[in-house]
Amino acid sequence: MFQPMALTVICALTAAFVLAFTFIPAMVALVVRAPVQERPNRVVEIARRAYAPALRTALLFRRVAVVGAVVLFGASVALFARLGQEFAPTLSELDILVQPVRIPSTSLATATELQRALERTLEPFPEVAFVFSRTGTAEMAVDPMPFYVSDTFVVLKPRSEWPDPGETKEDIRERVEGAAQRIPGSNYEFTQPIQMRFNELLAGVRGDLAIKIFGDEFETLLPAAERIEAVLRKIDGAADIRVEQVSGAPVLNIDVNRAALSRYGLSAADVHEVAAIAIGGRAAGQIFEGDRRFDIVVRLPESFREDLSALERIPIPLAMRENGGTGERTDQKGPHVQTVPLNSVATLHVAEGPNQISRENGKRRIVVQANVRGRDIASFVAEAQQRIARDVKLPPGTWLEWGGQFKNLEEAKARLAIVVPICFLLIFLLLFSSFGNVKDALLVFSAVP
């Protein structure tokens, strides 16, 4: 994010350094030809008249001046220690991003209906210019996400067109949040479009803070994540707290009856293959249209795939009895295929399965993310770490990592701890080379920081 600006500043300073030794002296020799005279500057003279009495008073009461300076410096250090810490200031964008997150079993039709209801609720606000949404993954999958998650962009009008000039964007966000919460079926996260994108690029999550819980099994990770979520909700400044959805997706389980399979001469692979073709489909050929070709997919109609009782009646072909090496299934009436219904060799039921399995560095993880409002992220994380260490006991084999903007803040502080002393050392060496003694160099250096 800051690399382009840093490169621009470096290029500008390098060019100025070269011009100071080449172009500037040549132009001075060409342009400044008349005798140069030093004249008093009116601005400097006014500043000197105000500064001289203050300097004489300070020299007259030097002990008071030194003690006062030390007291002011100590007060500034105490005030600096109480300041909050942020990786980068939160820029106030003119737009609001509302991200509804629904249960994983939400269908696309239901998600679209809920999203339209949200848009109709937010569009009548007098400060809102228009509202548009994006559900699921776009055609260019640079931001993949499931269709039960939507990005709702609330574009506000210019501040001059707001009915109440004294209203702030935070006031509008609170009203938008209150209106959105009245629509059931969704949990909401409120942020800004650019801020959300930077959080996702920097930390892989859309919130300001990410607590990553690593382990081997979700059965132990999920309860720990829920306990951490409960602790975060009690901390001042926490908002939009959400645990990564790792379960809740509807899964059709086909449990085969091994005894029945052996009686019919079938295998579990035979049953699963027929069910996969009927429900998911399989390419049975191709259609050519000029240079283009399309697969012909065979599967059951949508109405049958939604009906569990219809799926139970899917015919399963029995083991083939060869007839003279022809490979046809025959009996006394001629060639035919003997079948049994699916429910005679297997049991079908719908259950909750894993929604997603996230890994990082070879370990499974669950992320608890949150936004921080009304306070700095460093003090929030310090309080959260203290409370989680006290109130949450992690199962054996699990551990936490803190990410988001806090991780970038810690990395920036580590770099500054190296860069700042080096800069001060270089400044002192330049002053020492100019004055030739340590006393004068230290005297001037004391005012440089």
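These lines cover the structure that appears in this document, whether it is placed above or below.

Moving on, we get to the packing of aromatic side chains. The tally for this structure, following the rule as stated, stands at eight aromatic pairs. A centroid spacing of 4.9 Å and a plane angle of 15 degrees characterise the contact between Phe132 and Phe153, whose relative ring orientation is stacked. With Phe132 in strand β2 (residues 128–135) and Phe153 in strand β3 (residues 150–156), this residue pair connects regions lying 21 residues apart in the sequence. Relative accessible area serves as the criterion here: at 39%, Phe132 is assigned to the partly exposed category. By relative accessible area, which is 17% here, Phe153 ends up buried. Ring centres of Tyr188 and Phe190 lie 6.2 Å apart, and the angle between their planes is 35 degrees; on these two criteria the pair is classed as tilted. Across this residue pair, the class does not change: Tyr188 and Phe190 are buried.

A pair of packed helices is captured by two measures, namely the crossing angle of their axes and the spacing between those axes. Axis separation between helix α13 (residues 377–391) and helix α14 (residues 405–435) bottoms out at 10 Å; the angle between their running directions is 110 degrees. Classified by the angle their axes make, α13 and α14 are roughly perpendicular. Only Gln405, Phe406 and Leu409 of α14 make contact with α13, whose side of the interface consists of Ile377, Ala378, Val381 and Gln385. A per-class count over the contact of α13 with α14 returns five nonpolar, two polar and no charged.

In space, the four strands of this open sheet follow the order β2-β3-β1-β4, with antiparallel pairing throughout. Both edges of this open sheet fall to β2 and β4 (187–191), since each of them pairs with a single strand only. Across the sheet, the mean angle separating the axes of adjacent strands is 20 degrees when strand polarity is ignored. Of the pairings in the sheet, the one linking strand β1 (residues 95–101) to β3 comprises four bridges and is antiparallel in character. Following the sheet pairing, Leu97 is matched in β3 by Phe153. Here helix α5 (residues 108–122) sits on the sheet and contacts β1, β2, β3 and β4; the angle it forms with β2, its principal contact strand, is near 170 degrees.

By the definition in use, this model includes 22 salt bridges. Arg233 serves as the salt-bridge partner of Glu229, at 2.8 Å between the closest nitrogen and oxygen. Taken together, the residues Glu229 and Arg233, both in helix α8 (residues 218–233) and four residues apart, mark about one turn of the helix. Taken together, the salt bridges that share partners define one network made up of Lys212, Glu244, Glu360 and Arg365.

Thresholds applied
- Residues numbered from 1 in each chain as written.
- Predicted model: local features only at pLDDT ≥ 70, side-chain atom pairs only at ≥ 80, totals over all residues.
- Heavy atoms only, no water.
- Phe/Tyr/Trp six-rings, centres within 6.5 Å; stacked < 30°, edge-to-face > 60°.
- Helix = DSSP H or I, 4+ residues; strand = E, 2+ residues; numbered from the N terminus.
- Buried < 20%, exposed > 50% of the residue type's maximum accessible area, 1.4 Å probe, protein only.
- Axes fitted to C-alpha atoms, helices over the stretch in contact; angles between N-to-C directions.
- Parallel < 35°, antiparallel > 145°, perpendicular 65-115°, else oblique.
- Contact = heavy atoms within 4.5 Å.
- Nonpolar A, V, L, I, M, F, W, Y, C, P; charged D, E, K, R; others polar.
- Pairing = 2+ DSSP bridges.
- Salt bridge = Lys/Arg side-chain N within 4 Å of Asp/Glu carboxyl O.

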